[in-house]
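A look at the structure
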Amino acid sequence: MSSVIKVNLPENAYEIAIAPASLDQLGEKMSSLQLGKKVLLVSNPMIFKHYGTRAIASLENAGFEVTSYNLPAGEHYKTLNSIQKIYNIALENRLERSSTMVALGGGVIGDMTGFAAATWLRGINVVQVPTSLLAMVDSSVGGKTGVNHPHGKNLIGAFHQPRLVIIDPEVLKTLPAREFRAGMAEVIKYGIIWDAELFSQLAASKHLDQLRYVKTDLINYILTHSCQAKADVVSQDEKESGLRAILNYGHTIGHAVESVTNYRLFKHGEAVGIGMVAAGEIAVELGLWAKEDAESQNALIQKAGLPIKLPTDLDIETIIDALQLDKKVKAGKVRFVLPTQIGVVKVTDEVPTDIIIKVLQQMQ
Ligand code: NAD
Ligand code: GLY
């Protein structure tokens, strides 16, 4: 199975190519984009060990001159210091305006490589080769790039669309199971915000929590439908002036939970799962969403092996305080994405704090 999804942007259109073993076609696919010869491939040691040689062979066979650079793995390295290291390699290797950075990795490597490419020489090409489920369905598409500030996640960044996204589902075989489940949270998100058919397909599957138990056809379906959902939204609102905000479903409470637990207790996708449960319950409390639909959503989140409860010792007041620091707060009002049907959401900043507290208390 192979599919190509187009991200239709007036100035920065590109394709997302999804196919088994497409890692070996990286060079060939890039050749058709008329890019310069020099490529800097950025990865981390573990991912490079698995896939670096194949990626480089494909690029060299297509005539590219490749330098590779590995950053240490982990969100803690998503910093300006790591970007400086990429710049140093770019300088040493005389990367030019026509050169390309290739991100081979999860969302951390993708966001950093994208940001380095957005800023080196005021912007050079970037190609995304996502290797985690989360990066395949979310972070590699849409052009958000950036790094963390010591006081907040993703506070430094730029929009910089990739020239191409190559998704090889086979690389998921080496992804740790917990990372697979975390990525599944973002897949469920697309089912709720955009694609009711995707939601039904997920609901019909016996398993969602481990790659080996999920049918290959369903994995392909998940990748194509999730990328299509993201491409649809981004094509209509590249820089998040409106519609794109719906991609933050589950992220309002999710980010607050991540932040009050110091980004250690939950993976991002796990916190998003908890945030989707909370947003669903808030929508039910406000009379916007049917209780049965919220229950179906929560069953799916559980089937994906994701938590649906908050730790009992977490102070709800600290979550409420953290909501005020969210990037999405406007004029002191916290913005929520709330479902009205499966596949349809609305954005509102009219959620009374006592409803948020009630829902969070019920989730402990
Ligand atoms: P990650 O990049 O840290 O990857 C998770 C772990 O899996 C890492 O240890 C990585 O080395 C490993 N890994 C990845 N692919 C592997 C593979 N195929 N085989 C073996 N190990 C593999 O985390 P993530 O969940 O991919 O991404 C999270 C990051 O993405 C966060 O920094 C978040 O802010 C960002 N993000 C960005 C956007 C966006 O639109 N730009 C959207 C969502 C998330
Ligand atoms: N992950 C949210 C966005 O890309 O807008």
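One structure accompanies this document, and this report is about it. Every value quoted in this text rests on a predicted model; they were computed, and no experiment measured them.

Here we come to the site of ligand 2. Around ligand 2 lies a shell formed by Asp138, Lys144, Lys230, Glu240, Arg244 and Leu247. Between ligand 2 and Lys144, the relevant distance is 2.9 Å, taken from an oxygen atom to a side-chain nitrogen or oxygen of the residue. The side chain of Lys230 places a nitrogen or oxygen atom 2.6 Å from an oxygen atom of ligand 2. In terms of residue class, the shell around ligand 2 is made up of one nonpolar, no polar and five charged.

This part covers the pairing of strand β9 (residues 164-167). Burial of β9 is two-sided: the residues Leu164 and Ile166 facing one way and the residues Val165 and Ile167 facing the other way are all buried. Taken together, the four bridges between strand β2 (residues 14-18) and β9 define a ladder with parallel strand orientation. In the strand pairing of β9, Ile16 is matched with Val165. Across two bridges, the pairing between strand β6 (residues 125-130) and β9 is parallel. Looking at the pairing, Val127 lines up with Leu164 of β9.

Moving on, we get to the nonpolar core. Note on soluble globular proteins: their nonpolar side chains tend to be buried together. Counting residues in hydrophobic clusters, the biggest one holds 100 residues, and the most contacted among them are Ile16, Leu26, Met30, Leu310, Ile356 and Leu360. Considering each element in turn, this core owes the most residues, ten residues, to helix α8 (residues 216-236). Ignoring any residue separated from it by four or fewer positions in sequence, one finds Ile356 in contact with Ile253, Ile282, Ile320, Leu323, Phe336 and Val351. Among the nonpolar cores identified, the runner-up in size contains 22 residues, and Ile86, Val108, Ile109 and Ala116 belong to it.

This paragraph deals with the site of ligand 1. Ligand 1 sits among 23 residues. The nearest are Glu75, Lys78, Gly107, Ser132 and Thr174. One of the backbone N or O atoms of Val108 is found 3.0 Å from an oxygen atom in ligand 1. In the complex, the protein chains occlude 87% of the 860 Å² of accessible area that ligand 1 would expose alone. Every element with two or more residues in the shell around ligand 1 is listed here: α2 (45-61), α4 (107-119), α5 (133-139) and β8 (152-159). Looking at the shell around ligand 1, its residues break down into seven nonpolar, eight polar and eight charged.

Thresholds, definitions, all that
- Within every chain, residues take consecutive numbers counted from 1 along the sequence as written.
- Lettering for chains starts from A, numbering for ligands starts from 1, and both go in the order in which the items are written.
- Selection of residues for local features in this predicted model requires a pLDDT of at least 70, selection of side-chain atom pairs for listing and counting requires 80 or more, and totals for whole chains, interfaces and linings are taken over all residues.
- Working from all heavy atoms in the structure, the side-chain values ignore hydrogens and water.
- Consider each residue's heavy atoms; a residue with any of them within 4 Å of a molecule or strand counts as near.
- Pairs of N or O atoms are called polar contacts if they sit within 3.5 Å, as long as, within protein, a hydrogen donor faces a hydrogen acceptor (for residues adjacent in sequence, only side-chain-to-side-chain pairs).
- Think of it as three bins: nonpolar holds Ala, Val, Leu, Ile, Met, Phe, Trp, Tyr, Cys and Pro, charged holds Asp, Glu, Lys and Arg, and polar takes everything else, Gly as well.
- Remark: exposure states derive from per-residue accessible area (1.4 Å probe, protein chains only) relative to the maximum for the residue type, with buried under 20%, exposed over 50%, and partly exposed in between.
- Numbering of helices and strands runs from the N terminus; a helix is a DSSP stretch of H or I covering at least four residues, while a strand is a stretch of E covering at least two.
- Whether two strands pair depends on DSSP finding at least two bridges between them.
- In these notes, a set of buried Ala, Val, Leu, Ile, Met, Phe, Trp, Tyr and Cys residues joined through side-chain atoms within 4.5 Å is what counts as a nonpolar core.
- The contact criterion used is simple: two residues touch if any of their non-hydrogen atoms lie within 4.5 Å.
- Note on areas: Shrake-Rupley with a 1.4 Å probe; residue coverage comes only from the protein chains shown.

Read these as layout, nothing more, since geometry by itself doesn't imply function.
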